[in-house]
Amino acid sequence: MALVVFLILAVLDFVQNTLEMIEKLHCVVQQLRHQLSHKMTQLLQDLVETLEQNGVAREVLLSVASQQWCFWVSAFGAGALLLLLWLCWRTRKRSHKPESSCQQGSPERQDEDEEAEDDDDDDDYGGIGDLAGCVADRIWLPAPYMADKCRLVEDLVEELLSSCRRLSGKTFKPRLQPAIMMGYVYEGWSAREDNVLYQLLVPLQPPPGHAFLLETDTAKDLLTSESCLRVQLQCMCKREQLLRDRLCFLHHSEDELKCQGPSLLNTLCTNSYLDIEKTTCWFQMLVKDAWKLIPLSHHCQLTVLPTTRSCKLSVWKGQENLSIQMTFGVSLDDSESFLSLD
Ligand SMILES: [Zn+2]
């Protein structure tokens, strides 16, 4: 009996201890829940405050930007309106003075321009309206007469080259082939007729007893303008036997060759390569002499401009001027293509 009572008391004590432990755990859980709830509330408040601050800042930025935008639009509109009014005033004023146009034309027109400038200094070429007028007057598309001008230049150059061939025919200088019109460019910024530069290619062929050998750019193994034109002597004994006009450079002694001019290697070459600057210098002197032999020299004046790798000419007839640039070229392997040597 005593043992049963002891067991009952032990079970009751265990149950009581367990209940106390559960109650303590419940208290701890409740405390943790309150702490978590408090933290969550703080975080939510911070988040709301941050969003509100950002919203205010965005509103402030939008307000400032809209004010700036309104300011710049207003300023631009006012500027455009003032410019429009000023242009209208200038146009109306110029409509009463057509002679003050800046177009260049006949001498009479230029005199009128000068008078207009004397009358009113404000009508000088400094304004926007004047500048627009000048641009409109001075720039135009190539007119059909340019084709006629190109043919005129080709005929003039061919006449000049024919005279050059007659003068250099007995020498061992490069043979000048008929020039090829490459086109024309406008010198300076304006497309005026007297600003045209006609560009022609003058193919060169070797003189008798010589050969041209094109050597490619060794670094790139390409045929470019940097390629060198090597000059090589060739046997012309057969020609010597047939025509008896030249001696073969390879099979005659120096004493025998004294009766004819020096080879190309001894005149216009440097280290067996055709020297373009020497060739240009020779051609410029030849052109000056050849010009005197053609009938055109009685009516026109020729000026050979100082250039080093091409021949630039200026031909004047009264107030009219033709600018011509001749560049040397060489044929590529019997094809119709040429390599410019400028
Ligand atoms: Zn020979």
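What counts, and where the lines are drawn
- Residues numbered from 1 in each chain as written.
- Predicted model: local features only at pLDDT ≥ 70, side-chain atom pairs only at ≥ 80, totals over all residues.
- Heavy atoms only, no water.
- Helix = DSSP H or I, 4+ residues; strand = E, 2+ residues; numbered from the N terminus.
- Expected span 1.5 Å × (residues − 1).
- Buried < 20%, exposed > 50% of the residue type's maximum accessible area, 1.4 Å probe, protein only.
- Polar contact = N/O pair within 3.5 Å; in protein donor to acceptor, adjacent residues only side chain to side chain.
- Pairing = 2+ DSSP bridges.
- Contact = heavy atoms within 4.5 Å.
- Salt bridge = Lys/Arg side-chain N within 4 Å of Asp/Glu carboxyl O.

The chain goes by Inositol 1,4,5-trisphosphate receptor-interacting protein-like 1 in an unreviewed UniProt entry, where it is assigned to Columba livia.

Peer 1: Describe helix 7 (residues 276–291), listing the residues and the values that go with them.
Peer 2: Taking 1.5 Å of rise per residue, 16 residues should cover 22 Å, and helix 7 covers 22 Å from first to last C-alpha, within 8% of that figure. When we look at burial in helix 7, the residues that qualify are Ile276, Thr279, Thr280, Trp282, Phe283, Gln284, Leu286, Val287, Ala290 and Trp291. With a side-chain oxygen positioned 3.0 Å from the backbone nitrogen of Glu277, the residue opening helix 7 is Asp275.

Peer 1: Which residues make up the pairing of strand 3 (residues 196–205), and what values do they have?
Peer 2: The buried fraction of strand 3 is high, at eight of 10 residues. When strand 1 (residues 175–176) meets strand 3, the two strands line up antiparallel, connected through two bridges. Bridge pairing in strand 3 places Arg175 opposite Gln205.

Peer 1: Which residues make up the environment of Val231, and what values go with them?
Peer 2: For Val231, the position within the fold is in strand 5 (residues 228–233). Since its relative accessible area comes to 4%, Val231 is described here as buried. With 20 residues separating them in the primary sequence, Val231 and Ala211 have C-alpha atoms 5.8 Å apart. What Val231 contacts, discounting residues up to four positions off in sequence, is His210, Ala211, Phe212, Leu264, Leu265, Cys269, Ser272 and Leu274.

Peer 1: Explain the pattern of salt bridges to me, and be specific about the residues and the numbers.
Peer 2: What the rule picks out here adds up to six salt bridges. Glu158 is paired through a salt bridge with Arg165; the nearest N and O atoms lie 3.0 Å apart. Judged by relative accessible area, Glu158 falls into the partly exposed class, the value being 28%. Lys258 is paired through a salt bridge with Asp255; the nearest N and O atoms lie 3.5 Å apart. Considered together, Lys258 and Asp255 belong to a single accessibility category, that of exposed residues.

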